[in-house]
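Below are the chains, spelled out letter by letter.
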Amino acid sequence: YGILTRVPAYKQLVSNIANKMKGKEILFASIVSFVLALFATLASNIYAVLVFVPFVISILAAMKLDKVSIAAVGFGSILVGALGCVFGTEGLYGFNQYLGLGTTDFIKDGWITRLIISIVVFGLFTLFNILHMKKALQDKKAESLEDPFAIEVAETKKASKKSSKVNVWPLAIILILVATS
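This one's a predicted model, so the numbers in the text were calculated from it and none came from an experiment.

Student: Even after reading the chapter, I still don't get the side chain of Ser69, so can you show me in this structure?
Tutor: With respect to the helices and strands, the residue Ser69 is situated in helix 4 (residues 67–83). With relative accessibility at 0%, the residue Ser69 sits in the buried group. Those residues within four positions of Ser69 in sequence are excluded, and the remaining contacts are Asn129, His132 and Met133.

Student: Even after reading the chapter, I still don't get a nonpolar patch on the surface, so can you show me in this structure?
Tutor: A surface patch of nonpolar side chains, about 960 Å² in accessible area, is lined by Trp111, Ile112, Leu115, Ile116, Ile119, Val120, Leu124, Leu127, Phe128 and Leu131. Position of Ile112 relative to the elements: it lies in helix 6 (residues 106–139).

Student: Where do I start with unusual backbone geometry in this structure?
Tutor: The phi dihedral of Lys64 is positive, around 65°, even though this residue is not glycine. Within the secondary structure, Lys64 sits in the loop between helix 3 (53–62) and helix 4.

Student: Teacher, can you tell me more about the packing of helix 3 against helix 4 here?
Tutor: Helix packing for two helices is described by the angle between their axes and how far apart those axes are. Close contact between helix 3 and helix 4 brings their axes to 9 Å; oriented N to C, the two are set at 155°. What the angle tells us is that helix 3 and helix 4 run roughly antiparallel. Of the two elements, helix 3 crosses helix 4, and the hand of that crossing is right-handed. Note on element contacts: helix 4 touches helix 3 through Ile70, Val73, Gly74, Phe75 and Ile78, opposite Val53, Val56, Ile57, Leu60 and Ala61. Of the residues contributing to the contact of helix 3 with helix 4, the split by class is nine nonpolar, one polar and no charged.

Student: Is there a simple way to think about the packing of helix 2 (residues 25–42) against helix 3 in this case?
Tutor: Helix 3 packs onto helix 2 with a crossing angle of 170° between their chain directions and a minimal axis gap of 12 Å. Here helix 2 lies roughly antiparallel to helix 3, going by the angle between them. Seen from helix 2, the contacting residues are Phe28, Ala29, Val32 and Leu36; seen from helix 3, they are Val56, Ile59 and Leu60. Of the residues contributing to the contact of helix 2 with helix 3, the split by class is seven nonpolar, no polar and no charged.

Student: What should I look at first to understand the environment of Ala72 in this one?
Tutor: Mapped onto the secondary structure, Ala72 falls in helix 4. Classification of Ala72 by relative accessible area gives buried; the value is 18%. For the pair Ala72 and Phe125, spaced 53 residues apart in sequence, the C-alpha to C-alpha distance is 8.8 Å. Here Ala72 is in contact with Ser77, Phe125 and Asn129, once residues within four sequence places are set aside.

Student: Looking at this structure, I do not really get the packing of aromatic side chains. What am I missing?
Tutor: The description of two aromatic rings rests on the distance between their centres and on the angle between their planes. Applying the stated rule across the entire model yields three aromatic pairs. When the ring of Phe122 is compared with that of Phe125, the centres are 6.4 Å apart and the planes differ by 40°; the resulting orientation is tilted. In this pair, Phe122 and Phe125 both sit in helix 6, three residues apart, roughly one turn of the helix. A relative accessible area of 15% places Phe122 in the buried class. An aromatic cluster is built from Phe34, Phe122 and Phe125, whose rings are joined through pairwise contacts.

Criteria and cut-off values
- Residues numbered from 1 in each chain as written.
- Predicted model: local features only at pLDDT ≥ 70, side-chain atom pairs only at ≥ 80, totals over all residues.
- Heavy atoms only, no water.
- Helix = DSSP H or I, 4+ residues; strand = E, 2+ residues; numbered from the N terminus.
- Buried < 20%, exposed > 50% of the residue type's maximum accessible area, 1.4 Å probe, protein only.
- Contact = heavy atoms within 4.5 Å.
- Patch = residues over 30% accessible without salt bridge, like charges linked within 9 Å, V, L, I, M, F, W, Y side chains within 5 Å.
- Areas by Shrake-Rupley, 256 points an atom, 1.4 Å probe, with all protein chains shown as cover.
- Salt bridge = Lys/Arg side-chain N within 4 Å of Asp/Glu carboxyl O.
- Axes fitted to C-alpha atoms, helices over the stretch in contact; angles between N-to-C directions.
- Parallel < 35°, antiparallel > 145°, perpendicular 65-115°, else oblique.
- Left-handed = near helix turned anticlockwise from the far one by under 90°.
- Nonpolar A, V, L, I, M, F, W, Y, C, P; charged D, E, K, R; others polar.
- Phe/Tyr/Trp six-rings, centres within 6.5 Å; stacked < 30°, edge-to-face > 60°.

Here it is in structure tokens:
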């Protein structure tokens, strides 16, 4: 991921998304949180969802959100999704054993319980996250997080005064292909 942060198209993509969502930080964070939680709930392996966390953190850091909000959206939503794992296999076995459902009855007996848990926990998580973000955005005293994945590189070339157009579409297509595969 450190190499990706050096690519101008990636920086441009992150800044474009952050600029388009300026003033809509809470809405953007809630949507991203829902998508990450949904992927973690339905994925058979939640580690695949972690691939997108640095990208999300970079966007939220560019939007100047505080550290707690960024951590909650990036990692908290995945944990919430894993808690109510509806379809995935990682946490499902232990959950079914705890409820006494056994390993063969989880599709017909336990999915409604897990779905209810997912909805309730995500609703509470989102409520508290929104309340925190409103307070943090009003205070403006909260420390904003610089992009932790950006790599400082000593420039050996002279910085040109002309701004070059960076084509973002190839990177966006690659990210979409990775997300759908």
